[in-house]
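# Survey of secondary and tertiary structure
Chain by chain, the residues run as shown.
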Amino acid sequence: MTRVTILSFFVLAIYALEPHPLSAFYLCQPEERTGGGISPPSIKYRITPSSEQLGVPFTYSSDGKLLAVPARQSIKLYDSNTGKSAGELFADDRWKKDWLGNVYFSSDSRTLAARTIGSNRIRIWDLTTFKQKAIITDSVDNNFSSPRGKMIATIRKTKFVPFFMKDEKMIDIWDMVTGQLKKSFELPGSPHPLSMEFSPDGKTFIVSSVTGRIFVYETDSWTLLERLKKQSEDASPVIGFIFSPDSQYVALVGISSIVAIHDMETFERVAWLKGHKKRIEQVEFSPDGELIATTSGDGTAKIWNEKTGQLKTTLNEQTGAVRFVSFSQDGRWLATSGTKREKVELLDTQTLKVKVTFDSSREAYAVFSPDGQSLAISNKDGSITVWDISTVK
């Protein structure tokens with residue numbers, strides 16, 4: 001699954017839910033369809049929030065066995081099948097009071113990395129010992145990337161520079177498993193990096209700069225393959241890259257309502273996704289490479305044909321922005337949520353019709369399990385409900 005949320009340079013946005021004094025109210029509403037009703041999903045379990053739990057953004061491990069939830073100064077781990085506690089990760093250094101945010105698992109699920117909120121640090125734990133084994137301390141906030149949990153890319157925060165002078169030009173590449181620095185480099189001409197991303201296969205690294213130039217590197221030798229320049233139809237700087245699961249295409253997202261799709265073999269633009277009225281919030285490719293989902297501040301989610309860029313349908317027209325879309329890894333389902341309605345909708349990707357509506361919270365966060373059988377959703381009180389969606393037909 002390939003997903004990036006775009007919010008004013010916050011390429012990996014962090015949300016914090018405050019505990020609600022009331023218990024969560026759940027409403028599962030199967031949508032009617034021709035030919036009879038559908039089997040509603042059932043609740044597998046609920047993770048009750050503690051006073052320390054931020055709740056989101058939670059995530060499943062690569063093997064699907066664990067669910068990791070940020071809890072301010074620790075990461076709580078749960079058995080994804082039962083919801084029972086599977087352990088807790090703590091910081092063991094002088095910055096141990098940092099609040100922890102976004103969480104990332106290595107591809108073998110033996111290593112976990114977490115970003116701190118507002119302090120530019122990244123911690124790495126060994127999940128076989130539950131011990132912290134590395135900390136990256138000099139990265140610039142909001143620049144972190146990991147292709148299937150193998151490498152971490154950061155933009156270095158240069159020391160001994162006055163606060164009014166930005167000198168954040170150096171890109172550092174780290175081994176996620178060991179926490180060791182692998183390579184450091186500046187972009188040609190020394191422009192300031194703005195956004196960066198690895199391709200899902202880990203073979204390509206792409207970086208945008210404040211000058212509008214885009215640089216593409218091959219990661220075995222770190223050879224510069226191409227320099228791109230955004231076309232004039234969208235002159236805004238690129239603040240996010242989203243790759244297709246097969247690494248063949250990349251979506252370029254700026255501070256605008258347009259998305260550019262480029263072929264990574266020819267580096268040519270193959271499509272413009274034009275139709276939203278306000279800036280793009282999120283872009284996601286379906287796992288089968290057939291669809292692209294976009295959300296926008298205009299209050300809509302749009303589904304596009306990946307190959308042609310043609311609009312297939314518009315979803316969720318409502319007051320306020322649609323912030324979130326997510327495909328299940330088997331490609332069968334699409335989940336959406338927005339800022340005003342406290343709901344998550346589950347759509348069939350074949351018919352693009354809503355099958356189930358879940359009551360949740362504003363800015364609801366939802367994550368599919370790797371096998372596509374479960375959907376974890378944040379609630380009003382900061383809790384997380386994990387639904388069994390295997391019965392939905």
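Residues numbered from 1 in each chain as written. Predicted model: local features only at pLDDT ≥ 70, side-chain atom pairs only at ≥ 80, totals over all residues. Heavy atoms only, no water.

Bringing the overall build of the protein into the picture now. The helix and strand tally for the protein stands at zero helices and 33 strands. Out of the 393 residues in the protein, the part that is buried amounts to 57%. Contacts in the protein between residues far apart in sequence, at least 24 positions, make up 45% of those at least 6 positions apart. When the accessible surface of the protein is split by element, carbon and sulfur atoms take 48% of a total near 16,700 Å². (Helix = DSSP H or I, 4+ residues; strand = E, 2+ residues; numbered from the N terminus. Buried < 20%, exposed > 50% of the residue type's maximum accessible area, 1.4 Å probe, protein only. Contact = heavy atoms within 4.5 Å. Areas by Shrake-Rupley, 256 points an atom, 1.4 Å probe, with all protein chains shown as cover.)

Turning our eyes to something else, we now look at the environment of histidine 276. As for its position among the elements, histidine 276 is in the loop between strand S22 (269–273) and strand S23 (280–285). Considering only alpha carbons, one finds histidine 276 and serine 296, 20 residues apart in sequence, at a separation of 6.6 Å. Once residues within four sequence positions are removed from consideration, histidine 276 is found in contact with Ser257, Thr294, Thr295, Ser296, Asp298, Thr300, Ala301, Lys302 and Trp304. One polar contact links histidine 276 to threonine 300, side chain to side chain, over a distance of 3.2 Å. (Polar contact = N/O pair within 3.5 Å; in protein donor to acceptor, adjacent residues only side chain to side chain.)

As enumerated under the stated definition, the model contains two salt bridges in all. Here lysine 76 and glutamate 88 are joined by a salt bridge, their closest N and O atoms 3.3 Å apart. Within this pair, whereas lysine 76 is found in strand S6 (residues 74–79), its partner glutamate 88 is found in strand S7 (residues 85–90), the two being separated by 12 residues in sequence. Close ionic contact of lysine 355 with aspartate 348 constitutes a salt bridge, the shortest N to O distance being 3.5 Å. For aspartate 348, a relative accessible area of 11% gives the class buried. (Salt bridge = Lys/Arg side-chain N within 4 Å of Asp/Glu carboxyl O.)

For the structure shown, the criterion picks out 10 aromatic pairs. Between phenylalanine 185 and tyrosine 217 the ring centres are 5.1 Å apart and the planes differ by 55°, which places this aromatic pair in the tilted class. Linking phenylalanine 185 in strand S14 (residues 181–185) with tyrosine 217 in strand S17 (residues 213–218), this pair joins segments that are 32 residues apart in sequence. The class for phenylalanine 185 is buried, based on a relative accessible area of 10%. Exposure remark for tyrosine 217: the relative accessible area of 5% places this residue in the buried category. (Phe/Tyr/Trp six-rings, centres within 6.5 Å; stacked < 30°, edge-to-face > 60°.)

This part covers the sheet that holds strand S31 (residues 366–368). Spatially, S3-S33-S32-S31 is the arrangement adopted by the four strands of the open sheet, whose pairing is antiparallel. Strands with a single pairing partner mark the edges of an open sheet, and in this sheet they are strand S3 (42–47) and S31. Adjacent strand axes in the sheet meet at a mean angle of 20° when their direction is disregarded. As defined by bridge partners, S3 adjoins strand S33 (residues 384–388) across five bridges and the pair is classed as antiparallel. Following the sheet pairing, serine 42 is matched in S33 by aspartate 388. (Pairing = 2+ DSSP bridges. Axes fitted to C-alpha atoms, helices over the stretch in contact; angles between N-to-C directions.)

Scope: geometric values only; no functional claims are made or implied.
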